[in-house]
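# Analysis of the macromolecular model
Chain residues, written in single-letter form:
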Amino acid sequence: MNKFIAIFLLALLTLSCQENQPAASGDQIEKKDAFITLYTHRHYDTDKVVFKTFEEETGVEVRVVKASADELIQKMESEGEQSPADLLISVDAGRLVRAKAKGLLQPVTSSVLEKNIPGYLKDSENNWFGITKRARIIAYDKNKVNPADLSTYEALTAPEWNKKVLIRSSGNIYNQSLLASIIAHHGEAKAGEWAAAMVKNMARSPRGNDRDQVKAILAGEGEVAVINTYYLGKLLNSKDPEEVKAGEAVQIFFPNQDGRGTHINVSGIGVAAHAPNKADAVRFIEYLSRKDVQETFAGTNYEYPVNPAASPSELLISWGEFKEDELPLPKLGELNKKAVITFDEAGWK
Ligand SMILES: [Fe+2]
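What follows is about the overall build of the protein. Along the protein, the regular secondary structure elements total 16 helices and 10 strands. Dimensions of the protein, computed from C-alpha atoms along their principal axes, come out at roughly 105 × 45 × 35 Å. Sequence separation of 24 or more characterises 79% of the internal contacts of the protein that already satisfy a separation of 6 or more.

Backbone geometry places lysine 163, a non-glycine residue, at a positive phi of 65°. On the basis of neighbour count, lysine 163 is assigned to the exposed category, with 12 C-beta atoms found within 10 Å. Notably, tyrosine 302 is not glycine yet its phi reads approximately 60°, a positive angle. Checked against the element boundaries, tyrosine 302 lands in the loop between helix H13 (291-299) and strand E10 (304-305).

What follows is about the domain arrangement of the protein. Annotation of the protein at the domain level lists domain 1 (26-133 + 266-318) and domain 2 (134-263 + 330-346). The gap between the C-alpha centroids of domain 1 and domain 2 is 27 Å. On the domain 2 side, the residues contacting the 16 residues of domain 1 number 14 residues. Elements supplying a minimum of two residues to the side of domain 1 that touches domain 2: helix H5 (93-101) and strand E5 (129-141). Ranked by the residues each element gives to the side of domain 1 that touches domain 2, the list is headed by H5, at 6 residues. A class-by-class count of the residues in the side of domain 1 that touches domain 2 yields 6 nonpolar, 4 polar and 6 charged.

Pairing of strand E1 (residues 35-40) with strand E2 (residues 61-66), which is carried by 6 bridges, proceeds in the parallel orientation. Looking at the pairing, threonine 37 lines up with arginine 63 of E2. Read from E1 through helix H3 (residues 47-58) to E2, the crossover connection turns out right-handed.

Time to look at the nonpolar core. Counting 91 residues, the largest nonpolar core has Leu87, Leu88, Ala139 and Ala272 as its most contacted members. Once residues within four sequence positions are removed from consideration, leucine 88 is found in contact with Tyr39, Leu72, Met76, Ala99, Leu104, Leu105, Ile269, Gly270 and Ala272.

A separate point is helix H10 (residues 229-236). In terms of burial, H10 is largely enclosed, as 6 of its 8 residues are buried. For H10, the full list of buried residues reads Thr229, Tyr230, Tyr231, Leu232, Gly233 and Leu235.

Burial within E5 is extensive, with 12 of its 13 residues counted as buried. Bridge analysis of E5 against strand E9 (residues 264-272) gives 6 bridges, and the strand direction is antiparallel. Of the residues in E9, the one forming a bridge with threonine 132 is serine 267. Sheet analysis places E5 next to E10, joined by 2 bridges and oriented antiparallel. Bridge pairing in E10 places lysine 133 opposite tyrosine 304. Of the pairings in the sheet, the one linking E5 to strand E7 (residues 224-228) comprises 5 bridges and is antiparallel in character.

This part is about the environment of glutamine 74. Counting through the fold element by element, glutamine 74 comes out in helix H4 (residues 69-79). Judged by the 13 C-beta atoms lying within 10 Å of it, glutamine 74 falls in the partly exposed class. Remark: the alpha-carbon pair of glutamine 74 and leucine 104, spanning 30 residues in sequence, is separated by 10.0 Å.

Per-residue confidence for the protein gives a mean pLDDT of 91; residues scoring 70 or more make up 91%. Considering only residues more than four positions removed or in separate chains, one finds that residues 10-31, a stretch of pLDDT under 50, has 4 contacts.

A word on the packing of helix H7 (residues 173-186) against helix H8 (residues 188-201). Across the interface, H7 lies against H8 with an axial gap of 7 Å and an inter-helix angle of 135°. Here H7 is positioned oblique relative to H8, judged by the angle of their axes. Where H7 crosses over H8, the two elements pack in a sense that is right-handed. Facing Leu179, Ile182, Ile183 and His186 of H7, the residues of H8 in contact are Glu188, Lys190, Ala191, Trp194 and Ala195. Residue composition of the contact of H7 with H8, grouped by class: 6 nonpolar, 1 polar and 2 charged.

Packing of H7 against helix H16 (residues 336-346) brings their axes to within 8 Å, and their N-to-C directions diverge by 100°. Overall, the two elements H7 and H16 adopt an arrangement that is roughly perpendicular. Here Gln176, Leu179, Ala180 and Ile183 of H7 come into contact with H16, specifically with Asn336, Lys338, Ala339, Val340, Thr342 and Phe343. The residue inventory of the contact of H7 with H16, partitioned by class, reads 6 nonpolar, 3 polar and 1 charged.

What counts as what
Residues numbered from 1 in each chain as written. Predicted model: local features only at pLDDT ≥ 70, side-chain atom pairs only at ≥ 80, totals over all residues. Helix = DSSP H or I, 4+ residues; strand = E, 2+ residues; numbered from the N terminus. Contact = placed C-beta atoms within 7 Å. Buried ≥ 20, exposed ≤ 12 C-beta atoms within 10 Å, placed from the backbone. Domains from an automatic or database assignment. Nonpolar A, V, L, I, M, F, W, Y, C, P; charged D, E, K, R; others polar. Pairing = 2+ DSSP bridges. Right-handed = clockwise from strand over helix to strand, strands pointing away. Core = buried A, V, L, I, M, F, W, Y, C linked by C-beta atoms within 7 Å. pLDDT = per-residue confidence, 0-100. Axes fitted to C-alpha atoms, helices over the stretch in contact; angles between N-to-C directions. Parallel < 35°, antiparallel > 145°, perpendicular 65-115°, else oblique. Left-handed = near helix turned anticlockwise from the far one by under 90°.

Below is the structure:
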């Protein structure tokens, strides 16, 4: 009898050991427990593809928390040292400058990032890095506008564009950064004159997003719109035929080519000051900067890669090469407050 009990107990023990084994294996534990928490303001579903590949390559899970950059910054501030955030992604350099100023980011030393990301597209102290690039361009009505009549952002204030300019509200960070760049190049007074003259030339009171400005061109409300490049890519590839029609009604013009170059901005990323998983967070940024990942990450959202070794998508290549304004991007954040005040004074809604 005792023998039987002993055998039974042994069998039970063996079984339970086997059951525990997979959970105890290093591989499984890494897959289950390694993760990074990403606070992101990027509002593009295509990002998921790139995050998934990182998970497959590294076994590190990417946990995404989505909200506006301002909300995320506020969240990180109130969470303090307890914040679960490892990384912060914003769609504009301005917000990253603000996050850094509040002490919410930390410097990163990485020879990979050093090599992959040009100096003017990142923070001077490596608190954040541009990961995709976009240009703020003029989309013009193919049927009504001769591109030879276009030249600069400044020239949109000329009388010939009276009641023909479409651009979104001043509350938008893309416009704030554009104005910040004009302040950096011409000073506050000139930038104020520009903003006031733009208001006079507006086809309508600012409303909607960048896509809506192009749709307004199709509707005949105006002839030129100031928008980010990727919105045109989105329109042209939309499932909605009306959006495709709007995209096809316009052409791209890169302003200020004979001068400082077209205003560009980045969506960027920084490691949180209290990142619980710093090593994997840095690994994630390095991954995003890699040539092949850059091509997918930027390409799927019709953005330009920041890594010079990566090539843009075919659509972007078809738009042609252009000269970029190489104003260091941290300037845009530093001048953000001045830009907001200048817009208010100019009566730009
Ligand atoms: Fe956007």
